[in-house]
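Coordinate analysis (summary)
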Amino acid sequence: MSFLLPHFLKEGRGRLSAYFTRVYNPVWTNPDGATWMEVLADESKIALHGCLTPVWSETAWFADYVLPMGVGAERHDLMSQETQAARWIGFRQPVLRVARERQGERVEFTWQANPGEVWEEDEFWIELSWRVDPDGALGIRHYFESPYRPGEKLTVDDYYRWIFENSVPGLPEAAAREGLAPLAYMRKYGAFLVDEGGYSPHERPAAAGADAVTDPASGIVRDKGVAVGIERDGAALQGFPTPSRRLEFYARLMKDWKWPEHAIPGYDRSHVHWSHMDRERGDFALVPTFRLPTLIHTRSGNAKYLNEISHVNPVWMHTEDAARLGIGADELIRVTTDIGYYVNRVWITEGIRPGVIACSHHLGRWRLRRDAGGERWSTAVADISHPAPGQMLLRYKEGIQPFASDDPDSQRIWWNEAGVHQNLTFPVHPDPVSGQHCWHQKVRVTKAGPNDRYGDVFVDTTRSMDVYREWLALTRPAPGPGHLRRPLELLRPHRPAPETYRIPEDGA
């Protein structure tokens, strides 16, 4: 779901009867988490919020139901990463379920084998859909019926069997050579190399159906109106993923979709361009996205050794800037954004460019109760107050403390600070062309005030909506050519049918 969802809801664009955040922590991860808090707590906008999560999260505090989901070793899952110039697919399996089944036990649901009876998402959605639509009258249940036993409930084996038999090129043939079904092959090996020739995809044969036609003037091969390849020397090749299927310098697509100034590659002054900065008054370009090599996003909070190594995220500042502003080493500073501010320590270094500051995004995790919520290796106890309507102040009440557990090292915690949750203070900046959030921020740095405390985060959500509208006004809305809501040529992981891209011309 879009990171702009709460802003859409506050504008009155709709209401959600039920909303599930699945292994998703928007209050923490997304910009303007304070607006997410407001909307998740407002039943007139989201009537029911279910938080599906393998660990406790900041978003879980604002859920009606917190539903534990299995971690990687407790669920079936597909995965693939850009590890090489190839395409491959991996198949994760719930360890304890597989072990018990190999011992001859019958396990109907993964939760029966998982510690704490934790569900896996695949089975949860199947079960929920059959409970919501038991007789199929709502048109939901039939999507979760077995393709092998019509009218019966889909099982997790059915689901992955169908995928491996129908959606992974070359897998059925590879499995057959070993006398195995595709599902059995993946259960045995756990991975399959789909294609290792990744350097010249433009030279592969076009994926064109029987009804594909070739334009004699341009050589473009179209299938159902969509360009899928280009003819070269009598053969239909994939070409490049552009409308012309050529490597384009001039992008007619940009001109047709109301961005002619970007049809040729050039330079565009962004909101953090130096010309927008008043350096004498403490303006900086903030880089909030860099990562410490010792932490894994915000997913390593229970890794005690990693937290001992890196448990703070100070603001990096060049020595020249610190001297100019009269800021000393390890001093508290206030970093002010368009919608609020946060208070953090400064680390003065020549490892960053003058005029730029940076703050790692790993840290600043919090919980609202001392005895519940996130794990204690990395979360501080915080309080959220509202000084005025539309304003939010998050303030730490207690930092990291030693605690009793089965691990004696939990009594040996020597650090106290948990880092600062900077993302809360970032307004949404949806790029006018792509819609993606522009993470870099123009900020102003000052010394912390007498009432500022380490870890303070203040946000004005009324101002958040103003900034959202300012950026929304920069867009050039659809429809585009052919009354489309977005170009057919743009790639998507799961592409909808072409007719869903068209906006009805009658305004319906």
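So, a few notes on the structure that sits alongside this text.

Some remarks on the pattern of salt bridges
Where charged atoms from two side chains of opposite charge come close, those side chains can pair. If you walk through the whole model with that rule in mind, you get 37 salt bridges. Note that R365 and E58 form a salt bridge whose closest N and O atoms lie 2.8 Å from each other. Of this pair, R365 sits in the loop between strand 15 (356–358) and strand 16 (366–367) while E58 is found in the loop between strand 2 (49–53) and strand 3 (65–68), placing the two residues 307 residues apart along the sequence. A residue is classified by how much of its surface remains accessible, and E58, at 1% relative accessible area, is buried. Where R469 meets D466, a salt bridge forms, and the shortest distance between an N and an O atom there is 3.9 Å. Separated by three residues within a single helix, R469 and D466 lie in helix 12 (residues 461–472), roughly one turn from each other. Classification of D466 as partly exposed rests on a relative accessible area of 34%. Where salt bridges share partners, they join E11, R13, D466 and R469 into one cluster.

A short note on helix 6 (residues 156–166)
Buried within helix 6 are the following residues: V156, D158, Y160, I163 and F164. Where helix 6 is buried, its residues meet strand 4 (77–79), strand 5 (87–92), helix 4 (95–102), helix 5 (121–132), helix 7 (171–177) and helix 8 (182–189).

Details of the sheet that holds strand 9 (residues 226–232)
The strand order 7-8-9-10 describes an open sheet built from four strands, whose pairing is antiparallel. One side of each edge strand has no neighbouring strand; the edge strands of this open sheet are strand 7 (213–214) and strand 10 (235–237). The sheet contact formed by strand 8 (residues 220–223) and strand 9 spans four bridges and is antiparallel. Its bridge partner being in strand 9, I220 is matched across the sheet by I230.

Concerning the nonpolar core
Judged by nonpolar contacts, the single largest core of 47 residues is most densely connected at I357 and W366. Top contributing element to this core by residue count: helix 3 (residues 33–40), with five residues. Counting 14 residues, the second-largest nonpolar core is a separate cluster that includes F91, I163, L183 and Y185.

Some words on the sheet that holds strand 5
If you walk across this open sheet you meet the three strands as 4-5-6, and the pairing is antiparallel. Of all the strands in the sheet, just strand 4 and strand 6 (191–195) have a single pairing partner and so form its edges. Geometrically, the sheet is characterised by an average inter-axis angle of 20° between neighbouring strands, direction not taken into account. Bridge count for strand 4 against strand 5 is three bridges, and the pairing is antiparallel.

Remarks on the pairing of strand 17 (residues 380–385)
Pairing of strand 16 with strand 17, which is carried by two bridges, proceeds in the parallel orientation. Note on strand 17: the bridge partner recorded for W366 is A380. In this sheet, strand 18 (residues 391–398) lies alongside strand 17 in antiparallel orientation, the contact comprising five bridges. Note on strand 18: the bridge partner recorded for V381 is E398.

Topic: unusual backbone geometry
The omega torsion across A478 and P479 is 10°, close enough to zero to call that bond cis. Counting through the fold element by element, P479 comes out in the segment after helix 12. Phi at D330 takes a positive value of approximately 65°, unusual for a residue other than glycine. Mapped onto the fold, D330 is located in the loop between helix 11 (319–325) and strand 13 (332–336). A positive phi angle is found at H483, which is not glycine, with a value near 60°. Along the chain, the position of H483 falls in the segment after helix 12.

Calculation rules
Residues numbered from 1 in each chain as written. Predicted model: local features only at pLDDT ≥ 70, side-chain atom pairs only at ≥ 80, totals over all residues. Heavy atoms only, no water. Salt bridge = Lys/Arg side-chain N within 4 Å of Asp/Glu carboxyl O. Helix = DSSP H or I, 4+ residues; strand = E, 2+ residues; numbered from the N terminus. Buried < 20%, exposed > 50% of the residue type's maximum accessible area, 1.4 Å probe, protein only. Contact = heavy atoms within 4.5 Å. Pairing = 2+ DSSP bridges. Core = buried A, V, L, I, M, F, W, Y, C linked by side-chain atoms within 4.5 Å. Axes fitted to C-alpha atoms, helices over the stretch in contact; angles between N-to-C directions.

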